[in-house]
Amino acid sequence: MAIILADNEFITVQKLIFAEVGIDLQSSKKLLVQSRLLKRLLFYKFDNYLDYIRLVQVNAKERIEMINLITTNETYFFREIDHYEYLQKEILPKHPFKAKFRFWSAAASVGAEAYSIAMLLDKSMARSDWKIVGTDINTDVIKKARIGLYPAKWADKIPLELKREYCLKGRGRHEGQFLMDRGLVENMEFSVGNLMKYNGEVGKFDVIWLRNVLIYFDDDTKQLVVDNVLKNLKVGGYFFISLTENLNMINTASLESVATSVYKKIK
Ligand SMILES: C[S@@+](CC[C@H](N)C(=O)[O-])C[C@H]1O[C@@H](n2cnc3c(N)ncnc32)[C@H](O)[C@@H]1O
């Protein structure tokens, strides 16, 4: 017999997720949540969602498992190519040659965005003085990002020249996968971070990408998250959101719009 997530149980999950991660789970997501959490019920041999919810309420480790299952981590290499072009044409050439270039992928998922930038920096800046930090609330994706091993199909989006230089074709048990060049990894760091709070430990950046995550937040949470993230952006630095997102309903007095979904911090 199918195990059903009752409406009131779903509301409890909605509240928990909202409080922890800020994600505004719409009612239309009930069946999705039911199916994603079923794994954990089966793991604990629970025959109802209430027992699982009670566990999650008192067990911080299990809350992490729940968050890992609920977050949507879709990503790919060179997603929204316009932004890569803007970075290459308008930002990198103006960056003082001797100054370290620091980039933050603030909702990094499995790292496709961070490694795309790493390849560009290594190639076009032709220098080693750069650093990329990737953070995400989901502990599973951060583990994957640190490894940098992807299905071969994902390389289709990577420009040929970069693919040849930085993507190592898997053999044997890694057939059908590719591994990001180890030289890049030296300048990269992936860690778990929640956008609902200020992530002071990651430091200040020249460029921050916060793409395809604001879409999950309501306006108040967007404001909180953007305010938190902007504390990590240097004055004169650039802030990118997704081409499909906007900052219309929030206060962005410290930002000047310079291109579609690209902002410069002016104070
Ligand atoms: C759809 S992915 C976007 C990945 C990448 N930025 C891109 O554009 O391809 C959104 C990511 O945001 C993360 N996320 C959601 N809420 C978060 C929060 N409160 N703090 C940090 N990361 C969060 C999710 O775990 C997920 O990996």
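Structural data are supplied above this passage.
Our subject in this report is the structure included herewith. Only a predicted model underlies this, so the values are computations on that prediction, with no experimental measurement involved.

Rules used in this analysis
- Residue indices begin from 1 for each chain and proceed along its sequence in written order.
- Under the rules for a predicted model, residues below a pLDDT of 70 receive no local features and side-chain atom pairs below 80 are neither given nor counted, while totals for whole chains, interfaces and linings still include all residues.
- Every helix listed is a DSSP run of H or I at least four residues long, and every strand listed is a run of E at least two residues long, numbered separately from the N terminus.
- Within these notes, the globule rule equals 2.2 Å times the number of residues to the 0.38 power, and the radius of gyration is based on C-alpha atoms.
- In this scheme every C-beta is placed from the backbone, and a residue whose C-beta has 20 or more other C-beta atoms within 10 Å is buried, one with 12 or fewer is exposed, and one in between is partly exposed.
- We call two residues in contact if the C-beta atoms placed from their backbones are at most 7 Å apart.
- Here a nonpolar core is just a set of buried residues of the types Ala, Val, Leu, Ile, Met, Phe, Trp, Tyr and Cys, joined wherever their C-beta atoms sit within 7 Å.
- Where each domain starts and ends comes from a domain assignment, either automatic or drawn from a database.
- The criterion for strand pairing is that DSSP finds at least two bridges linking the strands in question.
- Axis lines are fitted through C-alpha atoms, for helices just across the contact stretch, and the angle between N-to-C directions can take any value from 0 to 180 degrees.

So, on to the overall build of the chain. Looking only at helices and strands, the chain features 10 helices and 10 strands. Over its C-alpha trace the chain gives a radius of gyration of 20 Å, about what one expects of a compact globule, namely 18 Å for 267 residues. With respect to the principal axes defined by its C-alpha atoms, the chain has extents near 60 × 55 × 30 Å. A burial count over the chain gives 33% of its 267 residues as buried. Restricting the contact set of the chain to residue pairs at least 6 apart, pairs at least 24 apart contribute 74%.

In this section: the nonpolar core. Membership of the largest hydrophobic core comes to 65 residues, with the highest contact counts inside it found for Ala106, Ala114, Ala118, Ile132, Ile208 and Leu210. Ranked by residues supplied to this core, first place goes to helix H6 (residues 112-125) with seven residues. Both domains that meet at this core, namely domain 1 (7-70) and domain 2 (81-265), each give it at least three residues. Setting aside residues no more than four positions away along its own chain, isoleucine 132 makes contact with Phe103, Ser105, Ala114, Ile117, Ala118, Asn187 and Met188.

For the rest of this paragraph, the subject is the sheet that holds strand S1 (residues 101-105). Hydrogen bonds between backbone atoms are what pair the strands of a sheet, whose relative direction is either parallel or antiparallel. What the seven strands build is an open sheet, ordered S6-S2-S1-S7-S8-S10-S9; its pairing is mixed. If you trace the sheet from one side to the other, it starts and ends with strand S6 (188-192) and strand S9 (255-259), each paired once. Strand after strand, the sheet turns through a mean of 20° between neighbouring axes, direction not considered. In this sheet, strand S8 (residues 233-240) lies alongside strand S7 (residues 205-209) in parallel orientation, the contact comprising four bridges. The residue bridging isoleucine 208 from the neighbouring strand is phenylalanine 239, located in S8.

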